[in-house]
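Architecture at a glance
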Amino acid sequence: MDSDPGFQRHRLIVDHFTAFAAGDAGAEAIDALLAAERSHRMLMLYALLRSARERPGATGRLPSVDHAWTLLVRSHQQAPEAVESLLLTPQVGRWCAHVLRRLHGAAPATPAPLWAEVGYLHALAAAAATLAGLDFHMSIPVYGELAVLPSLGGASMPPRGKTLWGIARARRAAGPTTVRVDAHVVELPPNPRDDAPGWQSVRRLRAQARARSIDIAFDDLDPYRALQVPTLAQRCPPAAVDRWRELFDEAWSLLNEEQPAAAETLARGLKEIVPVYQGERFRVYSASGADAFGSALASQPGTASELAVTLIHEFQHIKLNGLQRLVDLCDGDAGPEPLYAPWRDDPRPAKGLLQGVYAFSGVTCFWRERRTRLSGPEADLAQYEFALWRRQTLSALRILQERPELTDYGRHLVDTLSQRLASWQTEPVPANVLSAAEAAAVDHRISWRLWHLRPDRELVAELARAWSRGQAVPLPLTSVEQSRVVSDPRAQWLDTRAVLARLQLVDPVEFRRLRADPNPGQQVSGAVPADLDYVSGDLEEAGERYEAALVERPDSPPHLAGLAMCLHGTGDSDHILLHRPELVRAVRQAILSEAGKTPSVRELALWLGPALRPDAG
């Protein structure tokens with residue numbers, strides 16, 4: 001490591017790409033991604049160094065970037081393995097990418113001054129010197145009330161009033177590292193990964209099962225741990241950390257027992273979990289980013305199974321991001337319009353949908369194996385997840401197979417995954433569970449169409465006028481072009497009835513309690529009493545409630561979708577609300593604008609329906 005990283009050419013051998021495409025990449029393939037990531041990281045550091053040198057005042061009152069870089073190089077010479085590990089932490093990649101964008105005017109707005117962001121390099125150098133046991137002195141940024149040494153922890157600093165950003169002085173002189181602001185001094189413990197007075201270490205999650213161990217960071221301190229940067233530290237309470245450790249240990253045992261190949265690659269490439277806000281039951285939030293190889297953000301799940309499948313899901317994203325460092329899978333992000341993703345509330349570009357199918361192919365594989373090892377309600381839930389995600393993933397793969405954005409490599413990956421998912425479609429699932437999963441898939445599609453598809457305006461206006469005049473539908477709607485995608489940022493909770501179906505399967509007592517609650521949305525966001533009636537099978541009561549709600553809220557996609565699902569439950573598969581719900585919504589709104597009142601949904605749908613084939617649109 002020096003001031004010029006040089007260049008190394010990386011190649012992905014055919015066997016490794018084939019394994020990635022099939023979802024079976026092993027440890028050697030992960031090592032190839034890590035090697036490429038290391039080179040990419042060094043190139044980013046070098047580019048940042050050059051860009052900061054050319055930017056007057058980039059370091060403010062901190063020393064120059066060359067001063068920090070020199071200490072980093074010295075530390076690498078003294079302790080190459082420890083410093084290499086430090087440089088490959090996900091936060092360093094996320095920080096590099098963000099600051100490079102900022103230096104080139106392409107980063108989102110942030111309240112942090114430039115010198116504080118560039119100054120993460122100085123904190124990185126101080127952390128490296130601490131790991132290497134070198135004597136040094138270095139000024140470093142303070143974020144909020146914490147002076148962070150990346151991968152090690154943070155020293156608590158005195159408050160500075162309204163100013164979030166300050167400067168501390170890190171120093172080591174034949175003893176422990178200290179961090180000082182004026183007379184306030186924090187001394188790091190002999191092992192800086194331990195806590196000490198004024199020092200909060202980066203916690204670790206460690207587990208071992210079947211002679212395979214894993215040791216990753218549990219980072220709630222670093223300003224570059226999250227997708228939006230910089231982020232102030234938010235320390236997890238000890239009880240929450242204990243629960244995370246318990247779940248992680250159980251999930252690791254589960255993975256090594258049931259998914260040993262996946263566990264092997266996780267042990268090789270997963271670097272950290274970043275805890276985020278608490279999610280709802282069956283709604284674990286998780287995320288990862290292309291700039292932070294090995295990092296998974298996640299809300300605390302309720303069970304070890306949920307954590308295990310979350311790790312599988314995010315590591316699939318991590319692998320695909322790493323693969324795309326070496327192979328172009330898509331020519332670009334944008335096609336003619338964004339696409340339907342059966343697991344998202346919003347439309348996605350082809351590259352985003354590709355990420356989704358790769359992640360959910362891993363999720364489907366997890367539940368396919370998991371369902372065979374359980375009994376009772378937990379088995380029903382696993383069967384439900386398998387049935388739902390095998391259908392949704394294959395549906396999205398078929399959308400991608402038609403996309404021109406895919407390169408030959410991307411098409412090979414999609415075709416390989418499609419063959420795998422297609423072979424699972426006929427595997428037996430209990431009839432009641434299969435029916436619930438299929439209904440959830442239909443429900444999501446209808447809800448998405450209602451939120452994001454817009455029929456032709458002239459057609460809608462013509463239909464509204466014809467209705468108002470008491471005329472028949474003026475043309476065969478089968479000849480009309482498909483609705484266009486217009487993303488609606490208000491769309492959320494498209495999975496509400498699916499969440500309730502999961503609850504009914506695994507915890508019927510809690511489901512009955514929730515059904516008696518007049519405000520179920522306090523526990524399951526987006527839920528209304530009609531949704532509980534629908535999931536219970538009381539379609540008549542649910543339909544009446546949805547229709548009553550649509551009198552007060554004529555433009556409500558969740559209630560329109562719920563009414564459509566009641567029709568689906570009665571076997572009315574040809575109903576226009578199931579195939580062109582956005583047209584019913586748009587015409588109804590146009591009639592309201594023109595006449596000041598709306599027809600009932602059923603009445604309008606009966607008028608439109610005979611002119612439309614089920615597969616139109």
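Residues numbered from 1 in each chain as written. Predicted model: local features only at pLDDT ≥ 70, side-chain atom pairs only at ≥ 80, totals over all residues. Heavy atoms only, no water.

Quick notes on the overall build of the chain
- When helices and strands are tallied, the chain shows 23 helices and 14 strands.
- Here the C-alpha radius of gyration of the chain, 27 Å, is about what a compact globule of 617 residues would show, namely 25 Å.
- For the chain, with 617 residues in total, the buried portion stands at 55%.
- Contacts in the chain between residues far apart in sequence, at least 24 positions, make up 70% of those at least 6 positions apart.
- Counting 68 positive and 75 negative side-chain charges, the chain places the averaged centre of each group 4 Å from the other. (Helix = DSSP H or I, 4+ residues; strand = E, 2+ residues; numbered from the N terminus. Rg over C-alpha atoms; globule rule 2.2 N^0.38 Å. Buried < 20%, exposed > 50% of the residue type's maximum accessible area, 1.4 Å probe, protein only. Contact = heavy atoms within 4.5 Å. Lys, Arg positive; Asp, Glu negative; His and termini not counted. Charge placed at Lys NZ, Arg CZ, Asp CG, Glu CD.)

Quick word on the sheet that holds strand 10 (residues 272-275)
- Strands sit in the order 8-9-10-12-11 across an open sheet of five strands; the sheet is mixed. Of all strands in the sheet, those bounded by a partner on one side alone are strand 8 (203-209) and strand 11 (286-287).
- In this structure, strand 9 (residues 212-218) lies alongside strand 10, joined through two bridges in parallel fashion. Within strand 10, the residue paired with A217 across the bridge is E272.
- Across the face of the sheet, helix 8 (residues 238-258) comes into contact with strand 8, strand 9, strand 10 and strand 12 (295-298) while running at roughly 30° to strand 8. (Pairing = 2+ DSSP bridges. Axes fitted to C-alpha atoms, helices over the stretch in contact; angles between N-to-C directions.)

Here we look at the pattern of salt bridges
- Scanning the model with the defined rule gives 40 salt bridges in all.
- The shortest N-O distance in the salt bridge between D24 and R420 comes to 3.5 Å. Of this pair, D24 sits in the loop between helix 1 (14-22) and helix 2 (27-53) while R420 sits in helix 13 (residues 408-422), placing them 396 residues apart in sequence.
- The class for R420 is partly exposed, based on a relative accessible area of 21%.
- The salt bridge partner of R373 is E369, with a shortest N-O separation of 2.8 Å.
- On the basis of relative accessible area, E369 is assigned to the partly exposed category, the value being 26%. (Salt bridge = Lys/Arg side-chain N within 4 Å of Asp/Glu carboxyl O.)

Re the nonpolar core
- Residues F20, F248, L323, L354, Y384 and L413 are the most contacted members of the largest nonpolar core, which totals 128 residues.
- Broken down by element, the residue count for this core peaks at eleven residues, all from helix 12 (residues 376-401).
- In this structure, Y384 is in contact with V433, A436, A437, A440, A498, A501, R502 and L505, ignoring residues within four places of it in sequence.
- In this structure, C96, A125, L149 and W165 belong to the second largest nonpolar core, which totals 62 residues. (Core = buried A, V, L, I, M, F, W, Y, C linked by side-chain atoms within 4.5 Å.)

Examining the side chain of H313
- Within the secondary structure, H313 is located in helix 10 (residues 304-326).
- Overall, H313 belongs to the buried group, its relative accessible area being 15%.
- If near-sequence neighbours (up to four positions away) are discounted, H313 is found in contact with S286, A359, F360 and V363.

Looking at helix 9 (residues 260-269)
- Considered for burial, the residues of helix 9 that qualify are A262, A263, T265, L266 and G269. In an axial view of helix 9, the angular spread of the buried residues amounts to 165°, which keeps them on one side of the axis.
- Lining the buried residues of helix 9 we find helix 2, strand 9, helix 8 and helix 10. (Arc of directions from axis to C-beta.)

Describing the packing of helix 12 against helix 13
- Here helix 12 crosses helix 13 at 145°, and the two axes come no closer than 9 Å. Judged by the sense of rotation from one axis to the other, the crossing of helix 12 with helix 13 is left-handed. Two secondary-structure elements touch here, helix 12 through R390, T393, L394, L397, L400 and Q401 and helix 13 through R411, V414, D415, L417, S418, L421 and A422.
- Residues of the contact of helix 12 with helix 13, tallied by class, amount to seven nonpolar, three polar and three charged. (Left-handed = near helix turned anticlockwise from the far one by under 90°. Nonpolar A, V, L, I, M, F, W, Y, C, P; charged D, E, K, R; others polar.)

A word on the environment of R325
- Turning to its location among the elements, R325 is positioned in helix 10.
- In the structure, R325 is positioned 315 residues away from H10 in sequence and 9.7 Å away in space, judged by C-alpha atoms.
- Non-local contacts of R325, meaning those with residues more than four positions away in its chain, are made with E37, H40, A290 and D291.
- Within polar-contact distance, the side chain of R325 engages the side chain of E37 at 3.1 Å. (Polar contact = N/O pair within 3.5 Å; in protein donor to acceptor, adjacent residues only side chain to side chain.)

Concerning the packing of helix 19 (residues 539-552) against helix 20 (residues 557-569)
- Put simply, helix 19 and helix 20 touch, their axes get as near as 9 Å, and they point 155° apart. With respect to helix 20, the axis of helix 19 lies roughly antiparallel. The handedness of the crossing between helix 19 and helix 20 is left-handed. Between helix 19 and helix 20, the contacting residues are L539, A542, G543, Y546, E547, A549 and L550 on the first element and H559, L560, G562, L563, C566 and G569 on the second. (Parallel < 35°, antiparallel > 145°, perpendicular 65-115°, else oblique.)

Some remarks on the packing of aromatic side chains
- All chains considered together, the criterion is met by twelve aromatic pairs.
- Each ring, one from Y143 and one from Y224, has its centre 6.4 Å from the other, and the planes form 90°; the classification is edge-to-face. Here Y143 is found in strand 1 (residues 136-143), whereas its partner Y224 is found in the loop between strand 9 and helix 8, with 81 residues between them in sequence.
- Judged by centre distance (5.4 Å) and plane angle (75°), the rings of W467 and W607 are edge-to-face. (Phe/Tyr/Trp six-rings, centres within 6.5 Å; stacked < 30°, edge-to-face > 60°.)

Quick notes on unusual backbone geometry
- Even without glycine at this site, F282 takes up a positive phi of about 65°.
- Locating F282 in the fold gives a position in the loop between strand 10 and strand 11.
- A positive phi is found at W493, a non-glycine position, where the angle reads about 60°.
- Turning to its location among the elements, W493 is positioned in the loop between strand 14 (484-485) and helix 16 (496-506).
- With a relative accessible area of 35%, W493 lands in the partly exposed category.

Here's the deal with the pairing of strand 8
- In terms of burial, strand 8 is a largely internal element, five of the seven residues being buried.
- Pairing between strand 8 and strand 9: seven bridges, direction antiparallel. Following the sheet pairing, R204 is matched in strand 9 by A217.
- Linking strand 8 back to strand 9 in an antiparallel pair, the connection comprises two residues, with R210 at a positive phi of about 50°.

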